[in-house]
Amino acid sequence: MGLFSSVSTFFFDTGIMSWDVLLTLLNLVRRKRRIGHVTPEGRPGYGGHWPEFRPPQEGDSRCSCPALNAMANHGIISRSGRSISFVELNHNIRATYNFGASFCSFVPHYAARMLKRSYSEDTFDLEELDLHNGIEHDASLFRLDTALEPNQSMKHVPFIEELLAAPTGKDKNGNVVLTTRDLSRILGKRRAVARATNNDFSLSFFHKVFGSANSSTLLTIFGGRVDDLRSIVLHERIPDGWESRVREPYGLTMLHFNKTVLAVEFGVREKDWAEAAQEAVHQRAASV
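Residues numbered from 1 in each chain as written. Predicted model: local features only at pLDDT ≥ 70, side-chain atom pairs only at ≥ 80, totals over all residues. Heavy atoms only, no water.

With respect to helix α2 (residues 66–73)
Consideration 1: The element α2 is largely enclosed, with a buried count of 8 among its 8 residues.
Consideration 2: All of the buried residues along α2 are Pro 66, Ala 67, Leu 68, Asn 69, Ala 70, Met 71, Ala 72 and Asn 73.
Consideration 3: In this structure, the buried residues of α2 make contact with α3 (86–97) and α8 (226–235).
Consideration 4: One or two residues past the end of α2 sits Gly 75, with phi positive at roughly 75°. (Buried < 20%, exposed > 50% of the residue type's maximum accessible area, 1.4 Å probe, protein only. Helix = DSSP H or I, 4+ residues; strand = E, 2+ residues; numbered from the N terminus. Contact = heavy atoms within 4.5 Å.)

Here you go:
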């Protein structure tokens, strides 16, 4: 990356963060969106009416992110998962999940830089987002590590079922929900087991935080509700009648989101799972 590009990136990221702070403050003084009206009128999913679900066909592209795969499965972005513009992704993520505009701008720009593409002119296929240790990382909640399963669009159902069986909380309506502590606990186990069973395991501090960020969308956008999460992470399908649990008028900002991310990350106790890690090593050895 040249000097000009580095300076340009610095000023862009600084601008995004400043914008994010402003949106966070505006969310404090504006009324929340009404239940049933979180998805903007005229956009797919308004009133809980989502486009037809169609599972991927042979030759379609999918990635390790269930939320993006669900958008493709409903035709909110290209059903094939191919030739998606970064600009299109920005606007569609915002409307579908009510992430803040700053958030929705930063992530596709980051992905474009990762893939060495032009944000405004180029396109990508979903599978390209799984560049190892770019955005995709080891010790995922939903996938085996890349060294064990190079095709990161493949769900690892035992991991998902374990996650869906982990919740200990209930919301005010009596729905079973994941809590921050639940996520920290399962992330600790995943990291300990992956470190013990994957000879190529790597997980930098950046990717630890990124993993906690991915996990934290389950608590924020989806409210931790297990019934909804089963549809999203197991079937990669947006439930009928669903809308984002984030009702802030300017969406979920990075500043607000990071409170949840840090609570999850700082609660991870990998060392508590040493016994489970050793058991996984023995099981893996017995299966070889």
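Anyway, onward from the coordinates.
A closer look at the nonpolar core
Consideration 1: Core analysis: the largest hydrophobic core is formed by 56 residues, its most contacted members being Tyr 97, Leu 126, Leu 183 and Leu 218.
Consideration 2: Elements with a minimum of two residues in this core: α2, α3, α4 (101–114), α5 (157–164), α6 (180–197), α7 (205–220), α8 and α9 (254–266).
Consideration 3: Counting residues per element, this core draws most heavily on α4, which supplies 6 residues.
Consideration 4: Ignoring anything within four residues of it in the chain, the contact list for Leu 183 reads Leu 141, Leu 163, Leu 178, Ser 215, Ser 216, Leu 218, Leu 219 and Val 264. (Core = buried A, V, L, I, M, F, W, Y, C linked by side-chain atoms within 4.5 Å.)

Section: the side chain of His 74
Consideration 1: Tracing the chain through its elements places His 74 in the loop between α2 and β1 (84–85).
Consideration 2: The exposure class assigned to His 74 is buried, which follows from its relative accessible area of 2%.
Consideration 3: The residues touching His 74, leaving out its near neighbours within four places in the chain, are Trp 50, Pro 51, Glu 52, Phe 53, Arg 79, Arg 237 and Ile 238.

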